[in-house]
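One letter stands for each residue in the lines below.
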Amino acid sequence: MILVAGGTGTLGSRLVSLLAGRGEQVRVLTRDRARAARLDARAEVAVGDAGNPEDLRRAAAGTHTVVSAIHGFAGTPGGTPARVDRDGNRNLIRAAFAAGAGHMILISVRDAAPGHPMALMRMKHAAEQELIASGLAWTIFRPSAYMETWCEVLGRPLLDKGKTMVFGQG
């Protein structure tokens, strides 16, 4: 069983579809069961929050691989990079280890570093360090921004409110 935390998001839902299409047993961790309705019907759904270690222990039970596609950058009510990317991933790493999962995959971010001016990059770096020290076999991906995500982060407010957020000096 492969657990995909964040499996109803932009990247996670595509990953779930690809894995299920290959015949893999997939479990999706999501905060909102309704969002899982659009996923491949072969995927099992576990409702829970990365901030709740007990939810994660239940979701990780019986898994051999855990994938973290969670982020607290945008679109996560009450989510922040510290709560989701650092603390949520720490909880998920511990749950994967406790469940006996042999491997964890962390979707991090390009330029993750402890001294980066953006909290997201600092918190993803902290999660990477936690995973490296966990005792699990691990893979860390550091992709650049996904166009689908940036279109939503920058474009949706522009369409809805006529203005958007600009990062840095603009």
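Residues numbered from 1 in each chain as written. Predicted model: local features only at pLDDT ≥ 70, side-chain atom pairs only at ≥ 80, totals over all residues. Heavy atoms only, no water.

Enquirer: In this structure, what is going on with the overall build of the protein? I would like to understand it.
Expert: Helix and strand counts for the protein come out as 5 helices and 6 strands. Rg of the C-alpha trace for the protein: 16 Å, near the compact-globule value of 15 Å for 170 residues, within the 12% margin. When its C-alpha atoms are laid out on the principal axes, the protein stretches across 45 × 35 × 25 Å. Counting across all 170 residues of the protein, residues that qualify as buried make up 41%. Put simply, of all contacts in the protein between residues at least 6 apart along the chain, 59% involve residues at least 24 apart. In the structure as shown, the protein presents an accessible area of about 9100 Å², 55% of it carried by carbon and sulfur atoms. Computed over 21 positive and 15 negative side-chain charges, the separation of the two mean positions in the protein equals 2 Å. (Helix = DSSP H or I, 4+ residues; strand = E, 2+ residues; numbered from the N terminus. Rg over C-alpha atoms; globule rule 2.2 N^0.38 Å. Buried < 20%, exposed > 50% of the residue type's maximum accessible area, 1.4 Å probe, protein only. Contact = heavy atoms within 4.5 Å. Areas by Shrake-Rupley, 256 points an atom, 1.4 Å probe, with all protein chains shown as cover. Lys, Arg positive; Asp, Glu negative; His and termini not counted. Charge placed at Lys NZ, Arg CZ, Asp CG, Glu CD.)

Enquirer: Looking at this model, I keep getting lost on the pattern of salt bridges. Mind explaining?
Expert: Pairs may arise between side chains of opposite charge once their charged atoms sit close together. Applying the stated criterion across every chain, the model contains 12 salt bridges. Here Glu-130 ties to Arg-90 by a salt bridge, and the two come within 3.7 Å at their closest N and O atoms. Pair noted here: Glu-130 is in helix α4 (residues 119–132) and Arg-90 is in helix α3 (residues 81–99), with a separation of 40 residues, a long-range link. Counted as one network, the salt bridges with shared partners bring together Arg-86, Asp-87, Arg-90, Arg-94 and Glu-130. (Salt bridge = Lys/Arg side-chain N within 4 Å of Asp/Glu carboxyl O.)

Enquirer: Help me understand the packing of helix α2 (residues 53–60) against α3 in this model?
Expert: When two helices pack together, their arrangement is given by the angle between the helix axes and the distance between those axes. One way to put it is that α2 packs onto α3 with a least axis distance of 9 Å and a crossing angle of 40°. In terms of axis orientation, α2 runs oblique to α3. The way α2 lies across α3 gives a crossing that is right-handed. Together, Pro-53, Leu-56, Arg-57 and Ala-60 of α2 and Gly-88, Asn-91, Leu-92, Ala-95, Ala-96 and Ala-99 of α3 make up the contact between the two elements. For the contact of α2 with α3, the residue count by class is 7 nonpolar, 2 polar and 1 charged. (Axes fitted to C-alpha atoms, helices over the stretch in contact; angles between N-to-C directions. Parallel < 35°, antiparallel > 145°, perpendicular 65-115°, else oblique. Left-handed = near helix turned anticlockwise from the far one by under 90°. Nonpolar A, V, L, I, M, F, W, Y, C, P; charged D, E, K, R; others polar.)

Enquirer: Please explain helix α1 (residues 10–21) as it appears in this structure.
Expert: Each full turn of the α-helix corresponds to 3.6 residues, which orients residues three or four apart in the same direction. Between its terminal C-alpha atoms α1 stretches 17 Å, which fits the 16 Å expected from 12 residues at 1.5 Å a residue. Listed as buried for α1 are Gly-12, Ser-13, Val-16, Leu-19 and Ala-20. Down the axis of α1, the smallest arc covering the buried residues is 130°, so these residues share one side. For α1, exposure combined with an orientation more than 90 degrees from the buried face picks out Leu-18 and Gly-21. (Expected span 1.5 Å × (residues − 1). Arc of directions from axis to C-beta.)

Enquirer: Could you clarify how one ought to interpret the side chain of Thr-65 in this entry?
Expert: Mapped onto the elements, Thr-65 comes out in strand β4 (residues 65–68). Among the polar contacts listed, one links the side chain of Thr-65 to the side chain of His-64, at a separation of 2.8 Å. Beyond its immediate sequence surroundings of up to four residues, Thr-65 is in contact with Met-1, Ile-2, Leu-3, Ala-101, His-103 and Ile-105. (Polar contact = N/O pair within 3.5 Å; in protein donor to acceptor, adjacent residues only side chain to side chain.)

Enquirer: Would you take a moment to explain the environment of Val-153 for this structure?
Expert: Relative to the helices and strands, Val-153 is located in helix α5 (residues 147–161). Note on Val-153: relative accessible area 11%, which makes it buried.

Enquirer: Would you explain the nonpolar core in this entry?
Expert: If you look at soluble globular proteins, the nonpolar side chains tend to sit buried side by side. Residues Leu-3, Leu-29, Val-66, Leu-92 and Met-104 are the most contacted members of the largest nonpolar core, which totals 21 residues. Of all elements in the fold, only β1 (2–5), α2, α3, β5 (103–107) and α4 reach the threshold of two or more residues within this core. Among all residues touching Leu-92, those that are not within four sequence positions of it are Leu-3, Ala-5, Leu-56, Val-66, Val-67, Ser-68 and Met-104. If you look at the next biggest cluster of nonpolar residues, it comprises 13 residues, including Leu-19, Val-26, Ala-36 and Val-67. (Core = buried A, V, L, I, M, F, W, Y, C linked by side-chain atoms within 4.5 Å.)

Enquirer: Even after reading the chapter, I still don't get α3, so can you show me in this structure?
Expert: For α3, spanning 19 residues, the distance from its first C-alpha to its last is 25 Å, which sits close to the expected 27 Å at 1.5 Å a residue. Along α3, the helix axis deviates most sharply at Gly-88, where the bend reaches about 30°. Those residues of α3 not exposed but buried are Pro-81, Val-84, Asp-85, Gly-88, Asn-89, Asn-91, Leu-92, Ile-93, Ala-95 and Ala-96. On its buried side, α3 packs onto β1, α2, β4, β5 and α4. Gly-100, located one to two residues past α3, shows a positive phi value of around 80°. (Bend = angle between axes of the 7 residues up to and from the residue.)

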